[in-house]
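So the chains spell out like this:
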Number of protein chains: 2
Amino acid sequence: MVKESKQSGGLEWRINVPNETAAKVLVSESKSQIRVCNGLRGLIVGFMTRIWKFLQKAWSLAVREPKKAIHGVKVGVALSIVSLFYYMRPLYDGVGGNAMWAVMTVVVVFEYTVGATLCKCVNRAIGTFLAGALGLGVHWIANQSGEKFKPIIIEVSVFLLAAAATFSRFIPTIKARFDYGAMIFILTFSLVSVSGYRVDELFELAHDRLSTIAIGTSLCILTTMIFCPVWAGNELHYLITNNMEKIADSLNGCVVEYFGINENVNSKDEASDKVSQGYKCVLNSKATEEAMANFARWEPAHGRFNFRHPWNEYLKVGALLRKCAYCIETLNVSTNSDTEAPVILKKHFSKYCIGLSSSSSDVLKEMAVIMNTMTKSTKIDLMVNEMNDAVQELQGVLKSLSKQPIIRDSKNGTGGGNKSSTTMVRVMEIVPIVSISTLLIEIAARIEKGVEAINELANKAEFEEGTKKSKQSENQQNSS
Amino acid sequence: MVKESKQSGGLEWRINVPNETAAKVLVSESKSQIRVCNGLRGLIVGFMTRIWKFLQKAWSLAVREPKKAIHGVKVGVALSIVSLFYYMRPLYDGVGGNAMWAVMTVVVVFEYTVGATLCKCVNRAIGTFLAGALGLGVHWIANQSGEKFKPIIIEVSVFLLAAAATFSRFIPTIKARFDYGAMIFILTFSLVSVSGYRVDELFELAHDRLSTIAIGTSLCILTTMIFCPVWAGNELHYLITNNMEKIADSLNGCVVEYFGINENVNSKDEASDKVSQGYKCVLNSKATEEAMANFARWEPAHGRFNFRHPWNEYLKVGALLRKCAYCIETLNVSTNSDTEAPVILKKHFSKYCIGLSSSSSDVLKEMAVIMNTMTKSTKIDLMVNEMNDAVQELQGVLKSLSKQPIIRDSKNGTGGGNKSSTTMVRVMEIVPIVSISTLLIEIAARIEKGVEAINELANKAEFEEGTKKSKQSENQQNSS
């Protein structure tokens with residue numbers, strides 16, 4: 001403990017500096033500094049790692065779906081062209097000149113798929129045109145009715161039309177096709193109504209907007225259709241095809257996993273992961289399918305699809321696939337149930353269940369082939385028959401259960417299971433097997449409905465007939 | 001046949017008028033005229049009926065969901081106020097002045113729910129601000145680098161940023177919260193970059209845009225929050241609650257319909273319709289739930305919900321409800337199966353199955369009550385226990401099937417069913433009952449998980465504790 005006392009010019013100060021405490025204070029101060037430093041460093045490191053993770057996620061997305069990265073490049077190109085187009089003409093003395101509308105159109109209208117872009121373009125054009133014409137009409141009426149009533153007429157018309165158009169966006173038919181058009185209608189009508197009193201200026205405004213929107217939309221349409229176009233129809237087609245394959249794999253994987261003898265735990269985990277991933281995608285694909293079908297309707301003929309390709313049929317097929325997926329959900333529960341069926345019964349059923357599931361998934365895969373090649377299959381009926389045979393076999397096996405002696409829990413029961421050569425089965429033990437079998441039979445029935453839907457689709461979309469070659473090869477397969 | 005010949009001034013004309021043909025031609029002409037008339041009338045009538053039907057549909061929608069009609073009125077009011085605001089000031093000498101941005105903001109940003117509107121407002125503000133600042137920065141750099149490089153720098157920056165921002169909209173985290181902001185970012189950046197060379201004008205542009213956007217957004221927020229606000233959080237809360245009630249009704253209806261003796265065919269149809277409608281809504285509610293939860297996060301405290309209400313927990317509860325719905329889908333199949341269980345077995349099982357389904361749906365209804373009152377239930381654990389007891393009873397009945405003599409199809413089988421007093425059952429006939437029972441047990445397991453999720457939600461959202469009153473009434477119920 002050091003006490004320092006000094007007197008100079010009436011000023012006295014005393015410093016009590018207990019050495020230990022001073023050291024402690026110094027240490028704790030430096031500690032708190034270090035803590036703050038560490039905290040800051042932690043924050044910065046945390047921030048950097050978050051950004052790094054975000055970039056990694058973005059990169060993996062770009063690698064997984066390069067189309068999406070290309071879409072970004074396409075938007076960049078379209079915007080550069082629009083801005084270039086306006087750089088060349090010195091039109092920019094006034095802020096918010098005409099260029100703005102073209103730039104805005106490109107940014108707002110350019111969507112991922114061609115169909116969505118076309119839908120927005122057509123909506124924007126129709127909405128702008130209708131609202132512009134109506135706005136001019138209302139302006140004319142308002143001008144005729146004198147200065148006093150003019151603002152009232154315009155205000156009331158804006159209110160009524162905006163309310164009606166906004167409400168119309170909730171009506172399903174409008175929502176599906178003209179949602180964006182209704183919004184543009186409100187926007188343009190309000191702008192035209194509000195933006196001034198002189199009609200000559202209004203005509204100029206309308207002309208400017210229409211011409212710049214035409215430039216923007218045509219540029220969007222060209223860019224989206226020429227560079228790596230992403231067709232909504234194509235996406236829907238492959239989404240449905242992929243869903244078929246996923247359900248086929250899930251179904252087969254689920255049943256094989258249950259009945260098969262898995263020696264390797266890792267491979268089982270991977271397989272079950274694949275299974276659960278597969279059908280779960282299908283469960284929630286309704287919204288995507290409907291959006292795609294909506295956009296596909298706007299698309300012109302492209303690749304193998306005509307203008308009036310029956311996209312609605314795709315939705316029906318998709319709905320049936322989803323119904324299969326619901327069953328597989330329950331199947332997955334049954335196969336993971338706690339009650340384990342006896343090995344002997346499992347072996348007895350495995351042949352028929354695996355037979356049915358593999359013939360079902362064969363049908364699904366053949367459906368996927370029909371979709372992929374857009375050729376009517378000559379084999380599909382045969383395969384459905386095979387599937388139905390497998391269903392009947394499984395039903396037969398279920399019936400034959402009645403012939404097997406079934407052990408009873410109570411000792412004083414009469415008869416049953418006295419021979420050592422026959423297999424003993426408890427009723428509770430057959431529950432999971434019975435559930436799985438009935439589910440498989442139900443899935444087969446749903447797949448058959450799916451085949452009917454596919455045939456309907458093939459007829460409406462005028463898929464090619466199966467070639468003789470495939471018939472010959474099929475005959476060869478049958479004979480061999 | 002009349003032949004007329006006349007010569008006057010070198011001009012000759014001859015008219016062959018075969019009477020019958022003329023009549024026929026006249027008749028056919030008048031017929032075709034009538035046909036055209038009829039066709040036109042048909043077209044007009046068809047058009048009118050379509051419009052009439054559309055209006056009827058719109059009216060019924062407005063009656064069913066008056067909130068949506070009110071939303072239309074709200075948009076009309078907001079637009080009228082914005083336009084009024086600008087009428088009062090004679091700002092409109094130039095076309096596309098500042099008013100435009102306010103009108104545009106109102107039209108584009110005003111959404112059905114408060115959360116969606118707030119989300120778009122915040123996105124628009126952040127996007128505009130960031131892009132404006134970045135645009136000014138790029139402009140400054142471009143100005144420093146000389147006239148030659150200036151357009152190149154600006155073009156390259158527009159291309160790169162537009163491409164990056166467009167691509168970022170595909171990344172799930174950005175898509176969920178900042179999709180609109182990314183679009184506004186691209187739009188503003190392009191406009192600022194393209195729209196001129198002089199920075200003083202740019203500042204003016206930025207100031208104008210920001211102030212008008214501020215006017216538009218604040219007007220939107222005020223209108224959407226003051227007049228009949230539709231809170232996304234509220235909607236999500238009641239969507240989930242309704243889903244619980246629908247599943248409870250579907251489950252009970254489905255089981256009662258299968259086991260019950262329906263004397264009236266019409267009432268059965270109505271009931272089954274109600275059943276199928278109920279759970280099918282839940283199957284496809286995922287997209288709506290996620291959108292609502294996304295918007296609800298933006299909402300301030302309102303009604304019984306705080307700002308940081310655990311909306312994510314609602315999604316978990318919703319997912320579990322959907323899992324129940326998948327099971328009910330399969331249950332519906334089993335109850336409509338062709339194989340009819342024998343009446344005696346049905347009667348034997350009906351007590352336990354209906355018991356389980358009614359206790360399950362009681363639990364679901366109690367969950368709905370918890371949600372509705374936002375009060376932790378003192379009864380729910382008891383009810384879950386009751387449900388589990390019912391599960392064990394049903395499992396016991398399934399086990400006791402083993403004790404029942406089961407008839408065999410083959411005549412040379414040993415033992416079984418010799419007593420006339422015992423009930424004879426074929427294995428195939430128990431299949432539907434067994435399936436239904438296992439499904440009911442599975443649904444009960446899923447409901448239990450749902451209860452856990454609800455409890456988690458109740459803890460995180462700090463639901464009120466159940467009052468003593470309800471405890472007392474519960475005790476009274478138990479003792480009586």
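Residues numbered from 1 in each chain as written. Chains lettered and ligands numbered in written order. Predicted model: local features only at pLDDT ≥ 70, side-chain atom pairs only at ≥ 80, totals over all residues. Heavy atoms only, no water.

Enquirer: Go over the UniProt feature "transmembrane region" (unreviewed entry) in chain A with me, naming the residues and quoting the values.
Expert: All names here are of chain A. Under the UniProt annotation, the feature "transmembrane region" (unreviewed entry) is placed at residues 69-87, 99-118, 125-142, 148-168, 180-199 and 211-232. A distance of 25 Å separates the end C-alpha atoms of residues 125-142, which is 100% helix and 0% strand. Across residues 148-168 one finds 100% helix and 0% strand; the C-alpha atoms that close the span lie 31 Å apart. (UniProt positions renumbered as here; feature names shortened; annotations may be inferred. Helix = DSSP H or I, 4+ residues; strand = E, 2+ residues; numbered from the N terminus.)

Enquirer: Kindly report on the state of the cysteines, identifying the contributing residues and their values.
Expert: Residue and element names in this part refer to chain B. Summed over the entire model, instances satisfying the criterion amount to zero disulfides over all chains. Of the cysteine sulfurs around Cys-281, a residue in no disulfide, the closest is that of Cys-254, at 16 Å. Free cysteine: Cys-324, not disulfide-bonded; nearest cysteine sulfur from Cys-327 at 6.9 Å. A relative accessible area of 1% means that Cys-324 is categorised as buried. (Disulfide = S-S within 2.5 Å. Buried < 20%, exposed > 50% of the residue type's maximum accessible area, 1.4 Å probe, protein only.)

Enquirer: Talk me through a nonpolar patch on the surface; I want residue IDs and the actual numbers.
Expert: A cluster of nonpolar side chains, namely A:Val36, A:Leu40, A:Leu43, A:Ile44, A:Phe47, A:Met48, A:Ile51, A:Trp52 and A:Leu55, defines an oily patch on the protein surface of about 970 Å² accessible area. You can see A:Leu55 is positioned in helix H1 (residues 19-64). (Patch = residues over 30% accessible without salt bridge, like charges linked within 9 Å, V, L, I, M, F, W, Y side chains within 5 Å. Areas by Shrake-Rupley, 256 points an atom, 1.4 Å probe, with all protein chains shown as cover. Salt bridge = Lys/Arg side-chain N within 4 Å of Asp/Glu carboxyl O.)

Enquirer: So what about the pattern of salt bridges? Which residues, and what values?
Expert: All names here are of chain A. Using the criterion set out here, one finds 26 salt bridges over all chains in the structure. Between Lys-67 and Glu-235 there is a salt bridge, with the nearest N and O atoms lying 2.8 Å from each other. You can see Lys-67 sitting in helix H2 (residues 66-88) and its partner Glu-235 sitting in helix H8 (residues 232-259), a full 168 residues away along the chain. The exposure class of Lys-67 is partly exposed, given its relative accessible area of 42%. Across the pair Lys-286 and Glu-290 runs a salt bridge, and its minimum N-O distance is 3.8 Å. Here Lys-286 pairs with Glu-290, and both are found in helix H10 (residues 286-296), just four residues apart, close to one helical turn.

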